[in-house]
Amino acid sequence: MSSHTAREFASSTTAKGRPQLLEKLAAQTAVIGIVGLGYVGIPLALRFSEVGFPVVGFDIDQDRITGLNGGQSPIKHIASADIATMVESGFRATTNFSEISAVDAIVICVPTPLSRHREPDLSFIVNTMQAIAPYCPPSEPIGHFELIA
Ligand SMILES: NC(=O)c1ccc[n+]([C@@H]2O[C@H](COP(=O)([O-])OP(=O)(O)OC[C@H]3O[C@@H](n4cnc5c(N)ncnc54)[C@H](O)[C@@H]3O)[C@@H](O)[C@H]2O)c1
């Protein structure tokens, strides 16, 4: 994880037409949507929440969603107490992908297993894009960044 702050990211980016998003990122008021709440998505959600961002988590596993909303960690090395603190801070997890329309930034953390030819299986990402596309504004840029505040 980089040590850059959201403010540094906002001032260094050259993206045009997104002043509102950049301001929200700098102010840490942007709602962060994490899709895929596993070994990568949960720590990411914890970190965004810890530094003050509102976070909504999305997954297709209803048991996982119910557990997380009840303050239970599905991952051994992540304490349930940390999940509970995140829930108390406002984190909520859902299987309802229409709620993507209420988030400002989306981070996709779904599996990309390697095939026997060592090619990444992108079907989880394709499924995710199909699930969220109806709820994304048509002009939403798709890209990636490597910073966590
Ligand atoms: N785990 C690691 O150490 C690690 C390290 C580097 C990169 N990565 C990459 O990060 C990504 C996520 O890996 P992970 O280890 O967190 O996976 P994981 O299997 O722990 O978690 C993935 C989560 O995504 C959910 N999911 C599956 N399909 C979905 C869909 N269509 N919509 C919403 N949620 C869906 C699953 O239910 C699960 O909870 C992968 O691309 C992986 O290659 C993982």
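Residues numbered from 1 in each chain as written. Predicted model: local features only at pLDDT ≥ 70, side-chain atom pairs only at ≥ 80, totals over all residues.

**Let's talk about the overall build of the protein chain**
Stated formally: Segments assigned H or I by DSSP are reported as helices when at least four residues long, segments assigned E as strands when at least two residues long, and all are numbered from the N terminus. Counts of 20 or more other C-beta atoms within 10 Å of a residue's own C-beta define buried residues, counts of 12 or fewer define exposed ones, and intermediate counts define partly exposed ones; C-beta atoms are placed from the backbone. Any pair of residues counts as being in contact when their C-beta atoms, constructed from backbone geometry, are within 7 Å of one another.
For the protein chain, the count of helices and strands is six helices and four strands. Along the chain direction, N to C, the helices and strands of the protein chain fall in the order α-α-β-α-β-α-α-β-β-α. Split into buried and exposed, the 149 residues of the protein chain put 24% on the buried side. Sequence separation of at least 24 residues holds for 58% of the intrachain contacts in the protein chain that already meet a minimum separation of 6.

**Some points on the site of the ligand**
Selection criterion: Each residue gets a C-beta atom placed from its backbone. If that atom is within 6 Å of a molecule or strand, the residue is near it. Gly counts as polar in this scheme, as do all residues outside two lists: the nonpolar Ala, Val, Leu, Ile, Met, Phe, Trp, Tyr, Cys and Pro, and the charged Asp, Glu, Lys and Arg.
With respect to spatial proximity, 20 residues lie near the ligand, and among them Gly36, Gly38, Tyr39, Val40 and Thr112 are the closest. If one sorts the elements of the shell around the ligand by residue count, helix H6 (residues 123-132) sits on top with four residues. For the shell around the ligand, the class distribution of residues is eleven nonpolar, six polar and three charged.

**Remarks on the sheet that holds strand S1 (residues 32-35)**
What counts, and what does not: Any two strands are treated as partners once DSSP identifies two or more bridges connecting them. Angles shown run from 0 to 180 degrees and are taken between the N-to-C directions of axes, each axis being a line fitted to C-alpha atoms and, for helices, limited to the stretch in contact.
One open sheet accounts for four strands, arranged S3-S2-S1-S4; its pairing is parallel. Looking at which strands have only one partner, the edges of the open sheet turn out to be strand S3 (92-94) and strand S4 (105-108). Put simply, the sheet's adjacent strands are angled 20° from each other on average, direction ignored. Relative to S3, strand S2 (residues 55-58) is paired through three bridges, and the arrangement is parallel. Each bridged residue has a counterpart across the sheet, and for Phe58 the counterpart in S3 is Thr94. Across the sheet, helix H3 (residues 41-50) is in contact with S1, S2 and S4; its angle to S2 comes to roughly 170°.

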